[in-house]
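Spelled out from the first residue to the last, the chains are:
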There are 2 protein chains.
Amino acid sequence: MHKRIIDILRHGQPDESVLIQGWVRTKRDLKRFAFIEVNDGSALASLQVVLNADFPEYESVLKQANTGASVEVTGKLVASQGKGQRIELQAQSVKVYGEADPEVYPLQKKRHSFEFLRTIGHLRSRTNSLGAVFRVRNACATAVHQFFQERGFLWVHTPIITRNDCEGAGELFTVTGFDLKDVPRTETQDVDFSQDFFGGKAYLTVSGQLEAEVMAMAFSNVYTFGPTFRAENSNTSRHLAEFWMIEPEMAFCDLQGNMDLAEAFLKHIFKYVLETCPEDMEFFNQRIDNSVIATAENIIHNQFERITYTEAITLLEKSNAQFEYPVKWGLDLQSEHERYLAEQLFKKPVIVSDYPVEIKAFYMRLNDDEKTVAAMDILAPKIGEIVGGSQREERLDVLERRIKAQGMNPADLWWYLDLRRYGTVPHAGFGLGFERLVQFMTGMGNIRDVIPFPRSPLSAEF
Amino acid sequence: MHKRIIDILRHGQPDESVLIQGWVRTKRDLKRFAFIEVNDGSALASLQVVLNADFPEYESVLKQANTGASVEVTGKLVASQGKGQRIELQAQSVKVYGEADPEVYPLQKKRHSFEFLRTIGHLRSRTNSLGAVFRVRNACATAVHQFFQERGFLWVHTPIITRNDCEGAGELFTVTGFDLKDVPRTETQDVDFSQDFFGGKAYLTVSGQLEAEVMAMAFSNVYTFGPTFRAENSNTSRHLAEFWMIEPEMAFCDLQGNMDLAEAFLKHIFKYVLETCPEDMEFFNQRIDNSVIATAENIIHNQFERITYTEAITLLEKSNAQFEYPVKWGLDLQSEHERYLAEQLFKKPVIVSDYPVEIKAFYMRLNDDEKTVAAMDILAPKIGEIVGGSQREERLDVLERRIKAQGMNPADLWWYLDLRRYGTVPHAGFGLGFERLVQFMTGMGNIRDVIPFPRSPLSAEF
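The residue numbering used here restarts from 1 in each chain and proceeds along that chain's sequence as written. Here the convention is simple: chains get letters from A, ligands get numbers from 1, in the order in which they are written. Per-residue local features of the predicted model are confined to residues with pLDDT of at least 70, and side-chain atom pairs are confined, for both listing and counting, to 80 or more; whole-chain, interface and lining totals are unaffected and use all residues. Side-chain descriptors were evaluated using all non-hydrogen atoms of the structure, hydrogens and water having been removed beforehand.

Enquirer: So what's going on with the relation of the copies chain A and chain B? Which residues, and what values?
Expert: Copies are brought into register by a least-squares superposition over C-alpha atoms of residues with pLDDT of at least 70 in both. Relative to chain B, chain A is turned by 180 degrees and slid 0.0 Å along the rotation axis, the superposed coordinates differing by an RMSD of 0.0 Å. Taken together, the turn and the small shift mark the pair as related by a two-fold rotation axis. Judged by C-alpha distance, valine 175 of chain A is the residue of chain A that lies nearest the rotation axis, at 2.4 Å.

Enquirer: Describe the packing of aromatic side chains, with residues and values.
Expert: In summary, the pairing rule links any two rings of Phe, Tyr or Trp, Trp by its six-membered ring, whose centres are within 6.5 Å, and it sorts them by plane angle into stacked for under 30 degrees, edge-to-face for over 60 and tilted for everything else. Tallying each qualifying case throughout the model produces 61 aromatic pairs over all chains. Between the aromatic rings of tryptophan 414 of chain A and phenylalanine 462 of chain B, the centroid separation amounts to 5.7 Å while the plane-to-plane angle is 55 degrees, which identifies the pairing as tilted. Separated into two different chains, tryptophan 414 of chain A in helix α12 (residues 414–421) and phenylalanine 462 of chain B in the segment after α13 (434–442) make up a pair that spans both. Aromatic ring contacts, followed pair by pair, group Trp155, Phe225, Trp244 and Phe434 of chain A together with Trp155, Phe225, Trp244 and Phe434 of chain B into a single cluster. Should the NZ of a Lys or the CZ of an Arg lie within 6 Å of a ring centre and within 35 degrees of the ring normal, that charge is described as sitting over the ring. Between the NZ or CZ atom of lysine 360 of chain B and the centre of the ring of tyrosine 355 of chain B, over which it lies, the distance is 4.3 Å. Strands here are runs of E lasting at least two residues and helices are runs of H or I lasting at least four, both read from the DSSP assignment and numbered beginning at the N terminus.

Enquirer: Account for helix α11 (residues 396–405) of chain B, with residues named and values stated.
Expert: All names here are of chain B. Whether a residue is buried, partly exposed or exposed follows from its accessible area with a 1.4 Å probe, protein chains only, as a fraction of its type maximum: under 20%, in between, or over 50%, in that order. Restricting attention to buried positions, one finds in α11 the residues Val398, Leu399, Arg402 and Ile403. Buried residues of α11 fall within an arc of 135 degrees about the axis and therefore sit on the same side. Exposed side chains of α11 directed beyond 90 degrees from the buried face belong to Asp397, Lys404 and Ala405. We call two residues in contact whenever any of their non-hydrogen atoms come within 4.5 Å of each other. On its buried face, α11 is in contact with β14 (372–380) and α12 (414–421). Just past α11, the residue glycine 407 takes up positive phi, approximately 75 degrees. The directions from the helix axis to the C-beta atoms are what the arc is built from.

Enquirer: Could you give an account of the sheet that holds strand β4 (residues 70–79) of chain A, with specific residues and numbers?
Expert: Residue and element names in this part refer to chain A. DSSP calls a pair of strands paired once it identifies at least 2 bridges connecting them. Around the barrel, which closes on itself, the five strands sit in the order β1-β2-β3-β5-β4 with mixed pairing between neighbours. Going from strand to strand, the sheet's axes swing by 55 degrees on average, the running direction of each strand aside. Note: strand β1 (residues 17–29) against strand β2 (residues 33–39), six bridges, orientation antiparallel. Bridging from a neighbouring strand, valine 24 pairs with valine 38 of β2. Angles run from 0 to 180 degrees between N-to-C directions of axes, and those axes are lines fitted to C-alpha atoms, restricted for helices to the stretch in contact.

Enquirer: How would you explain the domain arrangement of chain A if you had to name every residue and give the values?
Expert: Residue and element names in this part refer to chain A. The domain boundaries assigned to chain A delineate domain 1 (5–98) and domain 2 (126–170 + 206–449). Just so you know, the domain bounds were taken from an automatic or database domain assignment. Taking only C-alpha atoms into account, the centre of domain 1 sits 45 Å from that of domain 2. At the interface, seven residues of domain 1 touch 10 residues of domain 2. What gets called buried area is simply the loss in accessible area from a 1.4 Å probe that two parts show on being joined, summed for both. Counting each side, the surface lost to burial between domain 1 and domain 2 is near 640 Å², with a carbon and sulfur contribution of 39%. Broken down residue by residue, the surface that domain 1 buries against domain 2 is led by Arg10, Arg25 and Leu44, which jointly contribute 77%.

Enquirer: Help me get a handle on the side chain of asparagine 138 of chain A, residues and values and all.
Expert: Inspection of the secondary structure assignment puts asparagine 138 of chain A in helix α4 (residues 128–150). On the basis of relative accessibility, which here comes to 6%, the residue asparagine 138 of chain A falls in the buried class. A polar contact of 2.8 Å, which involves the side chain of asparagine 138 of chain A, links it to the side chain of glutamine 149 of chain B. Excluding its chain neighbours within four sequence positions, the residues that come into contact with asparagine 138 of chain A are Gln149, Phe153, Leu154 and Trp155 of chain B. Think of a polar contact as two N or O atoms within 3.5 Å of one another; within protein, one of them needs to be a possible hydrogen donor and the other a possible acceptor, and neighboring residues in sequence only count if both atoms come from side chains.

Enquirer: Would you mind going over the sheet that holds strand β5 (residues 87–98) of chain B in detail, with residue names and values included?
Expert: Residues and elements named next belong to chain B. Here we have five strands rolled up into a closed barrel, ordered β1-β2-β3-β5-β4, and mixed in their pairing. Sheet twist, expressed as the mean angle between neighbouring strand axes with direction ignored, is 55 degrees. Pairing geometry for strand β2 (residues 33–39) and strand β3 (residues 47–52), over six bridges, is antiparallel. By the bridge assignment, isoleucine 36 is partnered in β3 with valine 49.

Enquirer: How would you explain the pattern of salt bridges if you had to name every residue and give the values?
Expert: What counts as a salt bridge is simple: a side-chain nitrogen of Lys or Arg found within 4 Å of a carboxyl oxygen of Asp or Glu. Evaluation of the coordinates by the stated rule reveals 45 salt bridges over all chains. Residues glutamate 400 of chain A and arginine 421 of chain A are paired through a salt bridge, measuring 3.8 Å at the closest nitrogen-oxygen approach. Separated by 21 residues along the polypeptide, glutamate 400 of chain A in helix α11 (residues 396–405) and arginine 421 of chain A in helix α12 bring together distant segments of the chain. By relative accessible area, glutamate 400 of chain A is classed as partly exposed at 23%. Judged by its relative accessible area of 32%, arginine 421 of chain A is partly exposed. One salt bridge in this structure joins lysine 267 of chain B and glutamate 263 of chain B, with 2.9 Å as the shortest N-O distance. Here lysine 267 of chain B and its partner glutamate 263 of chain B are both found in helix α6 (residues 255–276), four residues apart, which amounts to about one turn of the helix. One salt-bridge network, in which partners are shared between bridges, spans Asp260, Glu263, Lys267 and Arg306 of chain A.

Enquirer: So, the nonpolar core: which residues are in play, and what are the values?
Expert: Residue types Ala, Val, Leu, Ile, Met, Phe, Trp, Tyr and Cys, when buried and joined through side-chain atoms within 4.5 Å, form a set referred to as a nonpolar core. Phe265, Leu266, Val352 and Ile386 of chain A together with Phe265, Leu266 and Val352 of chain B are the most contacted members of the largest nonpolar core, which has 237 residues in total. The residues contacting valine 352 of chain B, other than those within four sequence positions of it, are Ile307, Thr308, Tyr309, Ala312, Leu333, Leu341, Ala375, Met376, Asp377 and Leu379 of chain B.

Enquirer: I'd like a rundown of a positive patch on the surface, residues and numbers included.
Expert: Taken together, the side chains of Arg185 and Lys201 of chain A together with Lys181 and Arg185 of chain B define a basic patch exposed on the protein surface. Structurally, arginine 185 of chain A is set in the loop between β8 (174–176) and β9 (203–204). Residues qualify for a patch when their relative accessible area is over 30% and they have no salt bridge, like charges being joined within 9 Å and the nonpolar side chains of Val, Leu, Ile, Met, Phe, Trp and Tyr within 5 Å. Shrake-Rupley sampling with a 1.4 Å probe provides the accessible areas, and residues are treated as covered by the protein chains on show and by no other component. Charged-residue counts in this description rest on Lys and Arg as positive and Asp and Glu as negative, His and the chain ends being excluded. In plain terms, the charge of a residue is placed at NZ if it is Lys, CZ if Arg, CG if Asp and CD if Glu.

Enquirer: Describe the interface of chain A and chain B, with residues and values.
Expert: Taken together, the contact between chain A and chain B spans 107 residues of the former and 107 residues of the latter. Between chain A and chain B, the buried area comes to about 8500 Å², and carbon and sulfur atoms account for 67% of it. Looking only at chain A, the three residues that lose the most surface to chain B are His157, Phe197 and Tyr422 of chain A, adding up to 10% of its buried area. For the salt bridge of lysine 181 of chain A with aspartate 190 of chain B, the shortest nitrogen-to-oxygen distance reads 4.0 Å. On the surface where chain A and chain B come into contact, there are 38 residue pairs in polar contact (both at pLDDT 80 or more). Among the elements that line the side of chain A that touches chain B, the one with the most residues is α4 of chain A, at 10 residues. Split into classes, the residues belonging to the side of chain A that touches chain B amount to 55 nonpolar, 32 polar and 20 charged. Alignment of β8 of chain A against strand β8 (residues 174–176) of chain B, held across three bridges, turns out to be antiparallel. Residue pairing across strands places threonine 174 of chain A opposite threonine 176 of chain B, the latter belonging to β8 of chain B. Side-chain classes follow a simple rule in which Ala, Val, Leu, Ile, Met, Phe, Trp, Tyr, Cys and Pro form the nonpolar group, Asp, Glu, Lys and Arg form the charged group, and the remainder, Gly included, forms the polar group.

See below:
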């Protein structure tokens, strides 16, 4: 008899007896009867509960059922006479579990800025906008697992704490069991990390890719979906110190196969969310960014354009657009260039491949021209780079050369090199930041509003 | 035309043309023909590839296709004449991608100890046993998501880095952006954490429960599934410094509802794994622990016994068993007591509830007797405690009292208390360690062998 409000809104029939539990969003006392909007987080919309004036304890219930109060209502569903809803609940009993004093409860009916809502991160999920964000976030996550599991990929949990600092993907957080007041020293007054918990320096991971490669060499197809970290002091609307990343890795796969998978992946996620969260997506389209549904449709229905970096440079040079940053073979593409390609030129997602070796990581496979590597980025309208991937260097000698060229020591990566010593195969993978994906999907302007408890410089509240 | 080996083994038909890619497990040269066993990680079993003596490059292929080498084989499926397999692959072409020198490749055919395999964590997933473990681990994880998503729970990502140190669930790892060589000091020579990345002391989380409660107060039903940490110096076969935890949290739920969900949850996971990984589970039953299938069936088919802690103490006192640790009302149950109840007395899982307030956490709901709290642990045969949960204290005044009684400062938990100020509801949840579950499922003796890259004191390799 207990029903989730989303099920009632979608499938409830007049005369059905139901029990609902949730929180009051608003109430209106029209004296002859009253409306209480109850939300249980299962849907954007609330269920309208109707109290007739002859309802026992009409006055006392209405007094308690303020915005934010928790209630349990039993009654019968009836077709709604009012606008905006198909069905409503004629109350037979209302139990108020917990009140919310209107004098102090911060979430009154008026609209609040996202900045303000961040200061009440423990309550903000009770708003329409953040509620919609986290339902869509859950749908995205479910779609990720569904996509990979259907294709026989194993979800692998790569380590959060790592002693590898060699990927060079950004600044690292140190993890330590030391009391920082009293850090052990060696005779030469260096920090004596041999006495630390893990017997050496340890960090929070910036990527699970190298370990995912280990697993792909045993299971063929794997993916990670877990938290990663950057200690960069970037106080922007697109950076988090802690974020979730998805990194599939495929053995016996080249750059083309990698692109095919990434394109199918993005299409799947967008399609799944449009189908399972239509009300939330409609809300974002109306209230946050009126292009999000069009952007999603664009991704779902268009074959992604595929061009090389060299072609991209030529196209950018030929364009009449004014760019802030220079366009020149050998320089990385800036966000403005990426958006020009995806938004202005092709008006759909573009996969740019084969970037100059100098601007890409050591593990990316060197092309025969020795000037470029088998890397690929997917650039999407409105957001720029959404996916970055590559075919990995599977040749032991080339990989050792590339590691040395970057000033690293191959001995530190002995186990990674072993993958090329024993049964090496062409393999490839990509990564994407989960919060960027949710931001993209919802049109939310600040990445801190698409993760429940954002971590950023000077901020790790709740 | 490319097929996963598991699909061929299960559904392949004679005369089908296929292409497979994987790694050689063994080869046997019988001169008139040769067998190469190829494994791609999709299944425990390998596919037998047959090379006839008239195969072009018979000699050179056999020379290269040593254990560990990576190969691509095309050919036709044929019904197998030999024992042990239904179908095999008559090779038309074999491509060796990467060899594995038998003089140095560590994974030759003989059996290796799990201790040794831990030293080659980057290769051990290529063995039968670890391969089976990680397939079962993936199936468990998939079953977790499936169970909760089907019931409308949202997967919520609670923070990894946290400034809450107040749950007291064990020793904490510090996360810092400081260079440990040169930690900033205040005038009084204390560590000046205000200068650290997050503007204060930060730790790795020990539990996402408090934040999950935040989310349950907006979405009714949520669950976490993410990494958690303990800096305890426990070098045992049941402890990890980094492990994954699952923590559902339900609004409008009491202790009974919590037990019902936990029981349904465990049954679902075991059923799912038995159904989707029958070969792997059969392998564990034969090679690792001959009770794992019986234990799984026991969990699936029995209604869990439910007793109170007080009843449990009486039963233990009445028993004739010899216990190392004392049995007395007020003392926590030890592993030997838990196993006695589940294995000897009831011979099935037992849910023990209503523990003494002194031995349980501050957030557990105080019962009317004021001596016990609405906690529950599920004890399972062979492993002891597998799930721990409670109804949470939803009454503001009682919660404040409990916090103070534990010597903590309510002000530090202002946001957690706010959940009781605004629309508080009865709510409950439980937690279980994912690796313990996988260990339980597979019978693996050491928890380090059920996570790809274990972290423990003095060890964070790979």
